[in-house]
Amino acid sequence: MKYKKELETARKASSEAAIIIREFAKSETFGVELKRKNDLVTDADLASEKKIIEVIKSVFPKDRFLAEESNTYTELPSGRVWIIDPIDGTTNFSHGFPPYCVSIAFWENREPKVGLVLEVANDEWFWAVESDGAYLGDQKLSISEITDPSKALISTGFPYSQFELVDPYLQVLKNMMQKTHGVRRAGAASYDLCCVAAGRVEGFYEYGLNPWDIAAGMLIIKEAGGISTDWKGKQNKLFGKRIISGNPSICKFLEGEIRNCFGEENLEL
Ligand code: IPD
Ligand code: CA
Ligand code: CA
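Bear in mind that the values here come from a model prediction, so they are computed numbers and not experimental data.

1. Focus: the sheet that holds strand E13 (residues 227-229)
If you walk across this open sheet you meet the five strands as E11-E10-E12-E14-E13, and the pairing is mixed. One side of each edge strand has no neighbouring strand; the edge strands of this open sheet are strand E11 (182-184) and E13. Averaged over all pairs of adjacent strands, the angle between strand axes in this sheet comes to 20 degrees, irrespective of strand direction. Where strand E12 (residues 203-207) meets strand E14 (residues 242-246), five bridges bridge the pair, whose relative direction is antiparallel. The residue of E14 that forms the bridge with Gly203 is Gly246. Here helix H4 (residues 166-179) sits on the sheet and contacts strand E10 (153-156), E11 and E12; the angle it forms with E12, its principal contact strand, is near 170 degrees. Of the strands in this sheet, E10, E12, E13 and E14 are in contact with helix H7 (residues 248-262), which crosses E14 at around 145 degrees.

Structure, rendered in structure tokens:
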């Protein structure tokens, strides 16, 4: 398998990070700071990121890192880059409310090659390697074939910034409640994407996301047969902030609903 060494390294880094995160979770005495309104960082995020970078650097000393708590990039550099969310779902984690994940992606020349999301509380390992399929543990994943929105379960993330867009967001949510089987908000975008890949939900949409939230999950969805787009139905960009994921029919449905409620002028950054 191509990228075997990168996958093994991502596994090792995330399992060592998970040990640290579980210790913090048990101790319940970690420091919590506010980076911006509603944007938390805990001692566990910092310790997890440090460990992940240390493990990867020991194997691939020349690679670059785009990691949430130490990032300085505003666009994806070329070459070999590791994109890391040391805890995705920090608000969940700080309340002892699963899911919370470690998300590690390896990209080469601006293409995703390896994606790994470890849901720490339930020890679920979602992973994918380019052209080799997506897996939960050793079980192959494929997205849901349900194309009828009225039979679809949809997940989303509630806005925690750009509150000027809350009204159209709530209008979409209201329509989802009436037109689908229901809506879920798990609290960790990387996990939401894995749930699309595993066919647990049919579709996902959110705005305000960062590269480290989606870099691994996007590949896991692609390898499970799904797609991720921006809010105009075009190929999703890592720094694009807005995402729709699912099978093509459900993505089209979500795109139409979002366009109707947000208006053409709010579909991009
Ligand atoms: C957050 C989670 C959440 C999403 C936010 C993200 P963090 O990541 O993925 O589900 O709604 O947009 O920022 O801050 O816990 O790493
Ligand atoms: Ca995150
Ligand atoms: Ca995070």
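Still to come is the rest of the account.
2. Let's talk about the site of ligand 1
As a matter of local geometry, ligand 1 sits amid 14 residues, with Asp88, Gly89, Thr90, Ala189 and Glu206 nearest to it. Here Ile87 contributes a backbone N or O atom positioned 3.2 Å from an oxygen atom of ligand 1. Alone, ligand 1 offers 380 Å² of accessible surface; in the complex the protein occludes 93% of this. Of all the elements, strand E4 (residues 80-88) adds the most residues to the shell around ligand 1, at three residues.

3. A short note on the side chain of Thr156
Looking at where Thr156 falls in the secondary structure, it is placed in strand E10. Here Thr156 is in contact with Tyr169, Leu173, Val183, Arg184, Arg185, Ala186, Asp192, Phe204, Tyr205 and Glu206, once residues within four sequence places are set aside.

4. Here's the deal with the coordination of the calcium ion (ligand 3)
Coordination of the calcium ion (ligand 3) by the protein comes from Glu68 (OE), Asp85 (OD) and Ile87 (O), over a distance range of 2.1 to 2.3 Å. Spacing between the donor residues of the calcium ion (ligand 3) along their common chain follows E-x16-D-x1-I. A separation of 3.7 Å is found between the calcium ion (ligand 3) and the calcium ion (ligand 2), which are bridged by Asp85. One end of the pair, Glu68, is in the loop between strand E3 (64-67) and E4; the other, Asp85, is in strand E4, with 17 residues separating them in the sequence. The same class applies to Glu68 and to Asp85, which are both buried.

5. Observations concerning the sheet that holds strand E7 (residues 124-129)
One open sheet accounts for seven strands, arranged E3-E4-E5-E6-E7-E8-E9; its pairing is mixed. Each end of this open sheet is capped by a strand with a single partner; those strands are E3 and strand E9 (139-140). Where strand E5 (residues 101-108) meets strand E6 (residues 111-119), eight bridges bridge the pair, whose relative direction is antiparallel. Along E6, the bridge assignment pairs Val102 with Leu118. Here helix H1 (residues 4-27) sits on the sheet in contact with E4, E5, E6 and E7, set at roughly 30 degrees to E6.

6. Thoughts on the environment of Gln171
Within the fold, Gln171 resides in helix H4. Separated by 24 residues in sequence, Gln171 and Thr147 have C-alpha atoms that sit 22 Å apart.

7. Digging into unusual backbone geometry
At the junction of Pro98 and Pro99, the peptide bond is cis and its omega measures out at 5 degrees in the coordinates. You will see that Arg110, though not glycine, has its phi angle at about 65 degrees, which is positive. Secondary-structure assignment places Arg110 in the loop between E5 and E6.

8. Observations regarding the coordination of the calcium ion (ligand 2)
For the calcium ion (ligand 2), the protein coordination sphere consists of Asp85 (OD), Asp88 (OD) and Asp213 (OD), at 2.1 to 2.3 Å. Motif for the calcium ion (ligand 2), donor spacing along one chain: D-x2-D-x124-D.

9. Quick word on the state of the cysteines
As enumerated under the stated definition, the model contains zero disulfides in all. In this structure Cys194 is not part of a disulfide, and its nearest cysteine sulfur, from Cys101, lies 6.8 Å away. When its relative accessible area of 0% is taken as the criterion, Cys194 is described as buried. No disulfide involves Cys251; its nearest neighbouring cysteine sulfur is the one of Cys195, lying 15 Å away.

Reading guide: rules and limits
Residues numbered from 1 in each chain as written. Chains lettered and ligands numbered in written order. Predicted model: local features only at pLDDT ≥ 70, side-chain atom pairs only at ≥ 80, totals over all residues. Heavy atoms only, no water. Pairing = 2+ DSSP bridges. Helix = DSSP H or I, 4+ residues; strand = E, 2+ residues; numbered from the N terminus. Axes fitted to C-alpha atoms, helices over the stretch in contact; angles between N-to-C directions. Contact = heavy atoms within 4.5 Å. Near = heavy atom within 4 Å. Polar contact = N/O pair within 3.5 Å; in protein donor to acceptor, adjacent residues only side chain to side chain. Areas by Shrake-Rupley, 256 points an atom, 1.4 Å probe, with all protein chains shown as cover. Donors = N, O, S within 2.8 Å, 3.2 Å for Na, K, Ca; no water. Buried < 20%, exposed > 50% of the residue type's maximum accessible area, 1.4 Å probe, protein only. Disulfide = S-S within 2.5 Å.

Purely geometric numbers; function is a separate question.
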